[in-house]
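Residue strings, one per chain:
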Amino acid sequence: MTFPGAGFLHWATANQVMLAAVLCGVSLGAFLGALLLWFATGNVIAPVLAWAGAAFLASAPARFGLADTPGDTALPWLIGPAVLMACLLAWLMPGKQAGCAKPSTARCPAITREPIAIPDELSPDMMRRMRLLLDRALQPARRFDGFEWRDQFQTAAVRYQVNFMAYALALAQRRYAPAASCHFAEAQQYLLTKIGDRRMWGYWRLENTWGNLRFDGDPVRHQNIMYSGFTALQMAVGGASRLELHHRGKVQLSYGLDQIMALLDRQYRASPYGLLACEPNWIYPLCNLITMAGIRAADGRLGTDRWRQRAEPFLASLDREATRRDGSFIAFRSALTGIAPPAPGGIVMQAFPCLFLNALSPERAQEHWWRVRQRLDHGSWQRLFWPVDVGNYGFSRASSYAATAAAAVEMGDTAIAGECLRRLEIECPSREVDGVIHRERASLWAHALETLARSGAPDGFRELVERPGHEHGPRLISAPYPDVLVARAMCEGRSLKLVLHPGRGTLRPLLEFEGLIPDRHYRTGIDDQPFLKADAGGRALLRLQLAGRTSLSLDPVV
């Protein structure tokens, strides 16, 4: 029990040293594999079973061809204490980098934001890119055609594809079409139904059992913000108020947005780290930033005040528990041991969190981004960007480039954003098929991140989180997809300004509006139908000839 596999060395007499050493090595390898499983899935039982199992097997040497003759060395007894002492000394040694966990702002100046021309409507190219997400989001809710099924425990889990598609579509709607709920509202509802599908949260019963020793399969109630926190943000920015967890058409559990917020708030108050675990007993700063962005967005939607109450202790915990001495983020920390091991992922592990941190603390986000920019300006991009797309485990830098570009746009760093998108195009070229642009080597998650980058603007995601509610006034609520693509939909007083494109050919689609002044006539600016009249409920229908880019303005007749 002093060290995994050390029991086999107890039988390492002169003529069986090699066999005993091999068995010890195999046991140690099994233990290291169990540690990897613990990290990857939160399985806290696996390392204990591997260690204890090796000790149990070593107690019966005959079954492995070892003579029942103890060796005459004390080495097996010394391995464990020696390793423990080495780890203790390494822990007690002073860090190589001096400084506090949160460097001063003077040391980390803000990035100079260059003025950029932000288009006021979606370009045809951008609409063709967005169709990749809309095609998948608007299919029947129980279908997942076009999604990538790799596993449900790590970064390629389908639930993350659903979450980030919802974030990207919410940001695009907020930027370009806040007065159009068609397509976007339907897509958000379908995505929420998908995230409630048992195939998205059924993993939790297994993880909760082997990670927390609890047999509860409810993915919302306890220590699972990689589902509850991510979904809370999806609901808050997407406009949903209730999550239904369903299986084969039957609702098994139901949570309102305010209920989820209350559960998260209670867990944060009780957490000794001030941060919550994603997988059982593993704390990820990025997951906590996404969750807190959800809490702040929910405040804006529900009129609650939870973020303001939790802001100071959360940010202090972020500095204390999730930041290294040089000011960089740790990737993850074990809540059981406090260990924060180095992690793969490259520069994106420092860059991507800035997208969500900017919605919570712009000053801290600027400080972190300054360090990211220093590394990008002086380091090799080939080495800094991990050559694995964590959205599907393929060998490309697609997700790293797209995630960094999304953060760079949010931080106003157009130079880095443009370079990331340029390299993304070179390494994973775009292809158009039937009016939809995609990248063959990029994951669906990477496509969602790219949409975030291309739909964003400096502080754009922060504005979405701070004010997630929809505008009041006239709105386009129905238009057939993909016959009609919305490039712009804005309320200007009592008027509605629209720019529409045909998705396929020349059509005469039927459009439906609401929020108009009841029984009032509106000018359309269209020659063949210059007026339309709202009914008593403020609704109206318009059949429109759509042959190319079409600009439409509904202005009430005085």
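If you're wondering where the values come from, they're calculated on a predicted model, not measured in any experiment.

Thoughts on the pairing of strand 9 (residues 495–502)
1) Next: With 6 of 8 residues buried, strand 9 lies mostly within the body of the structure.
2) Next: Where strand 8 (residues 484–492) and strand 9 come together, 8 bridges link them in antiparallel fashion. The residue of strand 9 that forms the bridge with cysteine 491 is leucine 496.
3) Next: What sits between strand 8 and strand 9 in their antiparallel hairpin is a turn of 2 residues, with glycine 493 showing a positive phi close to 70 degrees.
4) Next: Sheet analysis places strand 9 next to strand 14 (residues 550–556), joined by 5 bridges and oriented antiparallel. Paired with valine 499 across the two strands is serine 551, which belongs to strand 14.

Quick word on the side chain of serine 553
1) Next: Structurally, serine 553 can be placed in strand 14.
2) Next: Polar side-chain contacts of serine 553 include one of 2.6 Å to the side chain of lysine 497.
3) Next: Polar side-chain contacts of serine 553 include one of 2.9 Å to the side chain of aspartate 555.
4) Next: Apart from the residues within four sequence positions on either side, serine 553 is in contact with Leu496, Lys497, Arg523, Thr524 and Gly525.

Comments concerning a nonpolar patch on the surface
1) Next: Where nonpolar side chains cluster on the molecular surface, the patch consists of Met85, Leu88, Leu89, Trp91 and Leu92 and spans about 590 Å² of accessible area.
2) Next: Looking at the secondary structure, you find leucine 92 in helix 4 (residues 75–92).
3) Next: A relative accessible area of 56% places leucine 92 in the exposed class.

Notes on the pattern of salt bridges
1) Next: Taken as a whole and judged by the stated rule, the model has 34 salt bridges.
2) Next: Among the ionic pairs, arginine 296 bridges to glutamate 466, the shortest N-O distance being 3.5 Å. You can see arginine 296 sitting in helix 12 (residues 285–302) and its partner glutamate 466 sitting in helix 21 (residues 460–466), a full 170 residues away along the chain.
3) Next: One salt bridge in this structure joins arginine 439 and glutamate 450, with 2.8 Å as the shortest N-O distance. Taken as a pair, arginine 439 in strand 6 (residues 436–439) and glutamate 450 in helix 20 (residues 444–455) lie far apart in primary sequence, 11 residues in all. For the pair arginine 439 and glutamate 450, one class covers both residues: buried.
4) Next: Salt bridges linked by common partners bring Asp125, Arg129, Glu425, Arg439, Glu450 and Arg454 together as one network.

Considering the sheet that holds strand 7 (residues 475–478)
1) Next: With antiparallel pairing, the 3 strands of this open sheet are ordered in space as 7-10-13. Across the chains shown, the open sheet's two edge strands, defined by having one partner strand only, are strand 7 and strand 13 (540–543). Here the average twist between neighbouring strands, direction ignored, is 40 degrees.
2) Next: Direction of pairing for strand 10 (residues 510–514) relative to strand 13: antiparallel, over a ladder of 4 bridges.

Topic: the confidence of the model for the protein chain
Reading fine detail from the predicted coordinates is not recommended where pLDDT is low.
1) Next: For the protein chain, per-residue confidence averages 90 on the pLDDT scale, and residues scoring 70 or more make up 95% of the total.
2) Next: Confidence drops under pLDDT 50 across residues 96–107; counting only partners more than four residues distant or on other chains, this segment forms 19 contacts.

A word on the packing of aromatic side chains
1) Next: One pass over the full model with this rule turns up 25 aromatic pairs.
2) Next: A ring pair is formed by tyrosine 203 and tryptophan 204, whose centres lie 6.3 Å apart and whose planes are at 75 degrees; its orientation type is edge-to-face.
3) Next: Tyrosine 203 gets classed as buried once you look at its relative accessible area, which sits at 6%.
4) Next: You can call tryptophan 204 buried: its relative accessible area is 1%.
5) Next: Each ring, one from phenylalanine 385 and one from tyrosine 401, has its centre 4.9 Å from the other, and the planes form 45 degrees; the classification is tilted. Separated by 16 residues along the polypeptide, phenylalanine 385 in the loop between helix 17 (381–384) and helix 18 (398–410) and tyrosine 401 in helix 18 bring together distant segments of the chain.

A few points about the nonpolar core
1) Next: Residues Phe164, Phe314, Leu476 and Phe513 are the most contacted members of the largest nonpolar core, which totals 157 residues.
2) Next: Setting aside residues no more than four positions away along its own chain, phenylalanine 314 makes contact with Tyr268, Gly274, Leu275, Asn288, Leu289, Met292, Trp307 and Leu360.
3) Next: One finds Phe8, Trp11, Cys24 and Ala58 within the second-largest nonpolar core, a separate group that totals 10 residues.

Comments concerning the packing of helix 5 (residues 124–137) against helix 6 (residues 158–176)
1) Next: At a closest axis distance of 11 Å, the pairing of helix 5 and helix 6 adopts a crossing angle of 120 degrees. When the interaxial angle is binned, helix 5 and helix 6 end up oblique. Between helix 5 and helix 6 lies a crossing of left-handed hand. Across the interface between the two elements, Met130, Leu133, Leu134, Arg136 and Ala137 of helix 5 pack against Met165, Ala168, Leu169 and Ala172 of helix 6.
2) Next: Taken together, the residues of the contact of helix 5 with helix 6 break down into 8 nonpolar, no polar and 1 charged.

Comments concerning helix 16 (residues 362–378)
Residue pairs three or four apart in sequence face the same way in an α-helix, which turns once every 3.6 residues.
1) Next: Here helix 16 spans 24 Å end to end across 17 residues, near enough to the 24 Å set by a 1.5 Å rise per residue.
2) Next: Of the positions making up helix 16, those classed as buried are Arg364, Ala365, Gln366, Glu367, His368, Trp369, Arg371, Val372, Arg373 and Leu376.
3) Next: Lining the buried residues of helix 16 we find helix 13 (306–321), helix 14 (348–351), helix 15 (353–357), helix 17, helix 18 and helix 19 (414–427).

Comments concerning the side chain of asparagine 392
1) Next: Within the element layout of this structure, asparagine 392 appears in the loop between helix 17 and helix 18.
2) Next: What makes asparagine 392 buried here is its relative accessible area of 11%.
3) Next: Among the polar contacts made by the side chain of asparagine 392, one reaches the main-chain amide nitrogen of glycine 394 at a distance of 2.9 Å.
4) Next: Among all residues touching asparagine 392, those that are not within four sequence positions of it are Glu148, Arg150, Ala156, Arg441, Ala442 and Ser443.

Topic: the environment of proline 76
1) Next: Turning to its location among the elements, proline 76 is positioned in helix 4.
2) Next: Separated by 68 residues in the primary sequence, proline 76 and phenylalanine 8 place their C-alpha atoms 8.4 Å from one another.
3) Next: Other than its neighbours up to four places away in sequence, proline 76 contacts Thr2, Ala6, Leu9 and His10.

Criteria and cut-off values
- Residues numbered from 1 in each chain as written.
- Predicted model: local features only at pLDDT ≥ 70, side-chain atom pairs only at ≥ 80, totals over all residues.
- Heavy atoms only, no water.
- Buried < 20%, exposed > 50% of the residue type's maximum accessible area, 1.4 Å probe, protein only.
- Helix = DSSP H or I, 4+ residues; strand = E, 2+ residues; numbered from the N terminus.
- Pairing = 2+ DSSP bridges.
- Polar contact = N/O pair within 3.5 Å; in protein donor to acceptor, adjacent residues only side chain to side chain.
- Contact = heavy atoms within 4.5 Å.
- Patch = residues over 30% accessible without salt bridge, like charges linked within 9 Å, V, L, I, M, F, W, Y side chains within 5 Å.
- Areas by Shrake-Rupley, 256 points an atom, 1.4 Å probe, with all protein chains shown as cover.
- Salt bridge = Lys/Arg side-chain N within 4 Å of Asp/Glu carboxyl O.
- Axes fitted to C-alpha atoms, helices over the stretch in contact; angles between N-to-C directions.
- pLDDT = per-residue confidence, 0-100.
- Phe/Tyr/Trp six-rings, centres within 6.5 Å; stacked < 30°, edge-to-face > 60°.
- Core = buried A, V, L, I, M, F, W, Y, C linked by side-chain atoms within 4.5 Å.
- Parallel < 35°, antiparallel > 145°, perpendicular 65-115°, else oblique.
- Left-handed = near helix turned anticlockwise from the far one by under 90°.
- Nonpolar A, V, L, I, M, F, W, Y, C, P; charged D, E, K, R; others polar.
- Expected span 1.5 Å × (residues − 1).

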